[in-house]
Amino acid sequence: MARNDWHGRQFPHPGRRRPVIGDLLTVDRSSPIQSMLEASRGLGPIWELRVLRERLVFVGTAELTAELCDETRFCKALPPAVDALRDYAGDGLFTAYNHEPNWQLAHELLVPAFTKSAMRSYHPVMVETASELFDYWERRLADGPVDVSRDMTKLTMETLTRSAFSRDFGSFRTAEAHPFVAAMVTALETGRRKGTVRTLPGGSALAWLLDRRYARHTDYLDSMLDELIATRSGSDEQHDLLGIMLNVAHPETGEKLEPVNIRYQILTFLVAGHETTSGALSFALHYLARNPDCLARARSEADEILGDDPTAMPEFEQVAKFRYIRRVLDESLRIWPTVPGFARAPRESTVLADEYRMDPDDYAIVSLGAVHKDPAVWDDPDRFDPDRFLPGNVKKRPPHSYKPFGAGLRSCIGRQFAIHEAVLVLATLIHRFDFEGDPGYDLRVTERLTMLPEGFELTLRPRARSEVAAS
Ligand code: MNH
């Protein structure tokens, strides 16, 4: 039986299905996620798309998501677009199959690097990097508005390379993004296309051609990884993620990560660890610029905690006190989950929703864009309202109705890291700067591996000490 056959069960699909290409015409190449979501409206809680030989089954309700998040019955699955990333990320944490021993080993070795106490050691790096971005902005005020996604990506990339690999990428010394970003986006895009062409007759030849065409980028990534590791060989320190990967043995088995797996993990952290947070920050700034009342509340919280000096930076313990700003972040990730979905497969044959038989080689994709706006759970779902995340309101909602960091054992290892960084940056940014968006700007979202606002600019104005004190 073919993978994802669901016992021959058919699900609703958008109109216009064609022979051979299936629902390909409903998928816009430049914004596949958004066009697929758009096409699924009105199809009900579960729907499917066929793209060439691939069949994708999506769920879009909190109720079905809750069932799929039950770890006793379901586990992570890798849909083709994620599977294709294995060319670059192999059995690294994000792309490993559940049964691969390197997942367990890397998970156990690296979880200590993501505990609350570990966050304490990244905090000064996050503070320093955010200050550098703000100084960089102040030096360039005369250049006009800033491109928010571009600069948030610089910031999160720099924070990640400094905290995980103790490496300064020099992002604030030039206006352009680090060449790694372009190389990565191209490599991943190639991976995604390869995932599609491989399902065609003669697909592996096409995949090889794609590889050749983009060899320059993958060579660049390779040499960057080599260099990153080479600068650390011979040292046995374990103060960052790279140090742990190179030098720590499992306390019980004594096993260490193999060099090839370390390369996969570095690439995984570079990719998983920056664009996701950058998008979350950019969407949050978009909504703050659009909602003056929310901005006023967020700013008064920042001013109260940080005091009169607009350049003040928080202590580690203070970051958890920005409760309203945290709700702004949560609400932004509800409306625009920067990782738009995740896939789940049954551990053993089972029946989903008492109705749909699933075998372990069937999988469902949780469409977060739909689940986070499920009208059964979210009132007026398109409205931006951070107070949905007041503890009393969270308790009233069914579990698993909000899943921006995925589910279970394979959920996001970097969640605390992302939240600490994003809250810190939002609080200090609105404390130090006043900003204005272009009132004529309509949110456009680009899709790389994650979702990012496109063409979103802010005009910044540093706040004076007297102004902060008066507020
Ligand atoms: Mn992250 C897995 C979302 C920030 C490293 N991340 C996941 C998954 C989601 C996710 C969803 C689960 C995917 C799946 O089930 O297939 N991650 C996010 C979001 C942000 C984020 C929305 C920011 C906002 N992630 C980060 C950061 C890091 C990171 C920061 C690293 C520093 N994420 C990972 C890794 C995994 C992951 C590694 C894979 C974990 C595993 O499978 O063991």
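Report on the accompanying structure. Values in this document were obtained by computation on a predicted structure and should not be read as measured data.

**Structural notes on the pairing of strand S2 (residues 54-59)**
Okay, step 1: Burial analysis of S2 places five of its six residues in the buried class, the great majority of the element.
Okay, step 2: Pairing between strand S1 (residues 46-51) and S2: six bridges, direction antiparallel. Bridging across to S2, Arg50 finds its partner in Arg55.
Okay, step 3: As paired strands, S2 and strand S8 (residues 364-367) are joined by two bridges and run parallel to one another.

**A word on the pairing of S8**
Okay, step 1: The side-chain alternation of S8 yields two buried faces, one formed by Ala364 and Val366 and the other by Ile365 and Ser367.
Okay, step 2: With four bridges connecting them, strand S5 (residues 341-346) and S8 associate as antiparallel partners. Bridge assignment links Arg344 to a residue of S8, and that residue is Ala364.

**Section: the sheet that holds strand S3 (residues 74-77)**
Okay, step 1: The mixed open sheet is built from five strands, whose spatial order is S1-S2-S8-S5-S3. Only two strands of the sheet have a single neighbouring strand rather than two, namely S1 and S3. The mean angle between the axes of side-by-side strands here comes to 40°, regardless of whether they run parallel or antiparallel.

**Let's talk about the coordination of the manganese atom of the ligand**
Okay, step 1: Coordination of the manganese atom of the ligand by the protein comes from a single atom, Cys412 (SG), at 2.4 Å.
Okay, step 2: Within the secondary structure, Cys412 is located in the loop between helix H18 (391-396) and helix H19 (415-432).

**A few points about unusual backbone geometry**
Okay, step 1: Unusually for a residue other than glycine, Val20 sits at a positive phi of about 65°.
Okay, step 2: Inspection of the secondary structure puts Val20 in the segment before helix H1 (32-40).
Okay, step 3: Of note, the phi angle at Asp380 is positive, near 50°, even though the residue is not glycine.
Okay, step 4: Along the chain, Asp380 turns up in the loop between helix H17 (368-371) and H18.
Okay, step 5: Take Asp380: its relative accessible area is 41%, and that puts it in the partly exposed class.

**Topic: the nonpolar core**
Okay, step 1: Formed by 98 residues in total, the largest nonpolar core has its most connected members in Trp137, Met152 and Ile266.
Okay, step 2: Here this core takes eleven residues from H19, the largest share from any one element.
Okay, step 3: With residues up to four places along the chain from it excluded, the contact list for Ile266 reads Phe165, Leu225, Leu228, Ile229, Leu242 and Met245.
Okay, step 4: Of all hydrophobic cores here, the second largest spans 18 residues; its members include Leu64, Phe74, Leu368 and Val371.

**Thoughts on the packing of aromatic side chains**
In this description, an aromatic ring pair is defined by two values, namely the gap between the centres and the angle between the planes.
Okay, step 1: In total, this model carries 14 aromatic pairs according to the counting rule given.
Okay, step 2: Consider the rings of Trp378 and Phe389, whose centres lie 6.1 Å apart with planes at 40°: the pair is tilted. Here Trp378 is found in the loop between H17 and H18, whereas its partner Phe389 is found in the loop between H17 and H18, with eleven residues between them in sequence. With respect to burial, Trp378 and Phe389 carry one shared label: buried.

Rules of the game
Residues numbered from 1 in each chain as written. Predicted model: local features only at pLDDT ≥ 70, side-chain atom pairs only at ≥ 80, totals over all residues. Heavy atoms only, no water. Buried < 20%, exposed > 50% of the residue type's maximum accessible area, 1.4 Å probe, protein only. Helix = DSSP H or I, 4+ residues; strand = E, 2+ residues; numbered from the N terminus. Pairing = 2+ DSSP bridges. Axes fitted to C-alpha atoms, helices over the stretch in contact; angles between N-to-C directions. Donors = N, O, S within 2.8 Å, 3.2 Å for Na, K, Ca; no water. Core = buried A, V, L, I, M, F, W, Y, C linked by side-chain atoms within 4.5 Å. Contact = heavy atoms within 4.5 Å. Phe/Tyr/Trp six-rings, centres within 6.5 Å; stacked < 30°, edge-to-face > 60°.

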